[in-house]
Amino acid sequence: MIRRLLARFLRRPAEIRREAAVLVTMYGAQGAWIEARDRRRAAAQTERWEANSERRQRHWTAVMREIERQTGYRHQPDTATRMAGG
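Values in this document were obtained by computation on a predicted structure and should not be read as measured data. (Residues numbered from 1 in each chain as written. Predicted model: local features only at pLDDT ≥ 70, side-chain atom pairs only at ≥ 80, totals over all residues. Heavy atoms only, no water.)

1. Observations regarding the overall build of the chain
- Secondary structure assignment for the chain yields 3 helices and 0 strands.
- For the chain, the succession of helices and strands along the chain, N to C, is α-α-α.
- Within the span of the chain, comprising 86 residues, buried residues form 22% of the whole.
- Contacts spanning at least 24 positions in sequence make up 65% of the contacts within the chain whose residues lie at least 6 apart.
- Surface accessibility of the chain: about 6500 Å² in total, with carbon and sulfur atoms responsible for 53%. (Helix = DSSP H or I, 4+ residues; strand = E, 2+ residues; numbered from the N terminus. Buried < 20%, exposed > 50% of the residue type's maximum accessible area, 1.4 Å probe, protein only. Contact = heavy atoms within 4.5 Å. Areas by Shrake-Rupley, 256 points an atom, 1.4 Å probe, with all protein chains shown as cover.)

Structure (structure tokens):
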């Protein structure tokens with residue numbers, strides 16, 4: 001039982017690392033981060049009524065963080081967005 005739990009926790013980061021690597025290869029660092037952000041937003045909009053909406057949003061947030069970790073890219077919102085507090 002413990003082995004299954006550990007496998008579950010260890011498996012997910014590998015999926016996230018793989019997904020981030022694919023996006024970085026396809027779009028570059030900035031494009032991959034933006035693509036993951038757009039997919040997170042799409043998950044929030046299209047799956048609002050589904051039980052796994054929050055899980056999908058967390059997945060794409062984790063992919064965004066992994067892209068940042070792999071590439072060193074840090075997304076900076078434009079000045080107007082920062083001044084508005086968003």
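2. Concerning helix α2 (residues 53-71)
- For α2, which comprises 19 residues, the first-to-last C-alpha distance of 27 Å matches the rise-based estimate of 27 Å (1.5 Å per residue) to within 8%.
- Listed as buried for α2 are Ser53, His59, Trp60, Val63, Met64, Glu66, Ile67 and Glu68.
- Positioned one or two residues after α2, Gly72 has a phi angle of 80°, which is positive. (Expected span 1.5 Å × (residues − 1).)

3. Digging into the nonpolar core
- Residues Ile16, Ala20, Leu23, Ala32, Trp33, Ala36, Trp60, Val63, Met64, Ile67 and Tyr73 constitute the largest nonpolar core, which totals 11 residues.
- Of all the elements in the fold, those that place two or more residues in this core are α1 (2-46) and α2.
- Among the elements that line this core, the one with the most residues is α1, at 6 residues.
- When sequence neighbours within four positions are dropped, the list of residues in contact with Leu23 reads Gly28, Ala32, Glu35, Ala36, Arg39, Trp60, Val63 and Ile67. (Core = buried A, V, L, I, M, F, W, Y, C linked by side-chain atoms within 4.5 Å.)

4. Overview of the pattern of salt bridges
- Under the definition given, this model contains 7 salt bridges.
- We note a salt bridge from Arg37 to Asp38, for which the minimum N-O separation is 3.4 Å.
- Among the residues examined, Arg37 registers a relative accessible area of 17% and is labelled buried.
- A salt bridge links Arg74 to Glu68, with the shortest nitrogen-to-oxygen separation between them at 3.8 Å.
- Classification of Glu68 as buried rests on a relative accessible area of 13%.
- Several salt bridges converge on common partners, so that one network encompasses Glu19, Glu35 and Arg39. (Salt bridge = Lys/Arg side-chain N within 4 Å of Asp/Glu carboxyl O.)

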